[in-house]
Every structure is written in structure tokens, then in C-alpha cells.
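# Coordinate analysis (summary)
What follows is the residue order along each chain.
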Amino acid sequence: QKEVEQNSGPLSVPEGAIASLNCTYSDRVSQSFFWYRQYSGKSPELIMSIYSNGDKEDGRFTAQLNKASQYVSLLIRDSQPSDSATYLCAVNTGNQFYFGTGTSLTVIP
Amino acid sequence: ETGVTQSPTHLIKTRGQQVTLRCSSQSGHNTVSWYQQALGQGPQFIFQYYREEENGRGNFPPRFSGLQFPNYSSELNVNALELDDSALYLCASSLVQGEETQYFGPGTRLLVL
């Protein structure tokens, strides 16, 4: 079982719609959780971090964490073509980051 | 821009050779981690350095080694290169160990022929 699992997609949504990205993790001692966006050929860039159960909002992005279910999600409201990228979920267990394989998102104009 | 820089940007080596990749951390960051990202995969943790000491290692063989210098810059060395070592190598720095967010450099793309 992989430490972090994501649906690889591709996920396609029309412009203006809500994109929902999901991630599950296996290690219950995981302490902090991150969403990164990676454009093709580029390095990952941080979108959101979340440490406590519940929702955390930053502009059009909302991260949701449920530690009991070992589940993290990212909602992107009012999706834009510039949001088209691969979204990586990362989990920090204390001294090591584990990344999922990423979900490819395409926002269709 | 994260303030993390890496060199070189691209590199071509042949099987069996050795390579050194370099990383300069964001100002004030004393922890650096190295990742290997194969095409279509997420980054895989190689190791982390904190104040010049290795502080965690992923499932990579000993031919992957590293250094961190007093100014917190870092090197990744790979000996006896194999074809499967072809990947994007990412350096990420963070302020402290543990929960702090990691910021990635632009990466070095290595091709082993």
C-alpha cells in the first residue's frame, strides 16, 4: 500500500466550475498536509498547507482534512484554464514527506 | 520564485559515470531535502539534511549521497549512474525540521544514456 494515494485522473472541468481533488494517506502519525501544483516541466509550487481537521480557505482554494478517515481534499472554485496542471498531495510524517503521484486537471475554456 | 536555486538545469551523463547536483537554500532555511521525480510520478524522498547532518533517508541505495555546507547549501552525489536514474532531481528547503513547509527549487533534469 502506498503511503499517499491520489486518483491520477485526468480530471476535466469546464471553466468556472468546481474542481475536487482527493487524497488518502496510510500513516496515522502524519502531522501536516500539503497541496502542491506542478505545471509540465516545472517544479512543484505550494498552494495550501493544513494541519488541523476541518476546512481551510485561501482565495479560490479550500483544503479539507479528516484525520479519522485519513483523507485530504482540495476544492478549486471558479476554475480557470490557468489552473490546468498536476496537483500533488504531500504528507509529512515528521522527518519525511511522502507525495502522491498527482492528479492531472484540465480546465476547459 | 521560492529563492531556492539549483544547478545545473540539465545534464546528460552515460551509464557508470558520477554526477554532482547543487542546491542553494532559501535565505534563513537550515533544512534541505532532495527528491527524485521520474516522469509521471510524484517526487520520491531521497534524504534530508539539517545543520549539516543527514536527518532521514528514503529507500535509495548508498550510491546516492549528499552533503550540506555551513551556509546550508547542499550537494547530491550519485555514483555508478544507471539508466533508471534519469529523472528530475528536486531540492527543497525549509526553515526547520518537522512540519514546516518545503519550498522547491526549479530542479535539475538528468538524462543517463
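Everything here concerns the structure above.
If you tally the helices and strands in chain A, you get zero helices and eleven strands. For chain A, the sequential pattern of α-helices and β-strands runs β-β-β-β-β-β-β-β-β-β-β. A compact globule built from 109 residues would reach a C-alpha radius of gyration of about 13 Å, and chain A, at 13 Å, matches this within 12%. Considered along the principal axes of its C-alpha atoms, chain A spans approximately 40 × 30 × 20 Å. Residues counted as buried form 44% of the 109 residues belonging to chain A.

Below, the discussion takes up the interface of chain A and chain B. With 21 residues of chain A in contact, the opposing surface of chain B contributes 24 residues. Where chain A abuts chain B, roughly 1600 Å² becomes buried across the two surfaces, and 51% of that area is made up of carbon and sulfur atoms. Among the residues chain A hides against chain B, the three largest losses belong to Asn95, Phe97 and Phe99 of chain A. Together they make up 29% of the total. Taken together, the connections running from chain A to chain B amount to zero salt bridges. Every element with two or more residues in the side of chain A that touches chain B is listed here: strand 4 (32–38), strand 5 (45–50), strand 9 (85–92) and strand 10 (97–99) of chain A. Among the elements that make up the side of chain A that touches chain B, the one with the highest residue count is strand 4 of chain A (four residues). The class makeup of the residues in the side of chain A that touches chain B is eight nonpolar, twelve polar and one charged.

Residues and elements named next belong to chain A. Summarising the element assignment, serine 12 is placed in strand 2 (residues 11–14). Residues serine 12 and serine 104, 92 residues apart in the sequence, show an inter-C-alpha distance of 8.5 Å. Aside from chain neighbours lying at most four places away, what touches serine 12 is Thr106 and Ile108.

Residue and element names in this part refer to chain A. The topology assignment puts glutamine 80 in the loop between strand 8 (71–76) and strand 9. Sequence-wise, glutamine 80 and valine 13 are 67 residues apart; in three dimensions their C-alpha atoms are separated by 9.4 Å. Apart from residues lying up to four places away in sequence, glutamine 80 is in contact with Glu15, Arg60 and Val107. For glutamine 80, the side chain forms a polar contact with the main-chain oxygen of aspartate 78, separated by 2.9 Å.

Looking now at the pairing of strand 11 (residues 108–112) of chain B. Residue and element names in this part refer to chain B. Side chains Thr108, Leu110 and Val112 project from strand 11 onto a buried face, and the interleaved Arg109 and Leu111 project onto a face without burial. Both strand 2 (residues 10–13) and strand 11 contribute to a ladder of four bridges, which runs parallel. Its bridge partner being in strand 11, leucine 11 is matched across the sheet by leucine 110.

With that settled, the discussion passes to unusual backbone geometry. With omega at -10°, the peptide bond leading from serine 7 of chain B into proline 8 of chain B counts as cis. Mapped onto the elements of the fold, proline 8 of chain B is located in the loop between strand 1 (5–7) and strand 2. The phi angle at glutamine 70 of chain A is positive, at roughly 55°, despite the residue not being glycine. Judged by relative accessible area, glutamine 70 of chain A falls into the buried class, the value being 10%. A positive phi angle is found at alanine 80 of chain B, which is not glycine, with a value near 45°. Tracing the sequence through the fold places alanine 80 of chain B in the loop between strand 8 (74–78) and strand 9 (87–94).

So, how was this worked out
Residues numbered from 1 in each chain as written. Chains lettered and ligands numbered in written order. Predicted model: local features only at pLDDT ≥ 70, side-chain atom pairs only at ≥ 80, totals over all residues. Heavy atoms only, no water. Helix = DSSP H or I, 4+ residues; strand = E, 2+ residues; numbered from the N terminus. Rg over C-alpha atoms; globule rule 2.2 N^0.38 Å. Buried < 20%, exposed > 50% of the residue type's maximum accessible area, 1.4 Å probe, protein only. Contact = heavy atoms within 4.5 Å. Buried area = accessible area lost by both parts, 1.4 Å probe. Salt bridge = Lys/Arg side-chain N within 4 Å of Asp/Glu carboxyl O. Nonpolar A, V, L, I, M, F, W, Y, C, P; charged D, E, K, R; others polar. Polar contact = N/O pair within 3.5 Å; in protein donor to acceptor, adjacent residues only side chain to side chain. Pairing = 2+ DSSP bridges.

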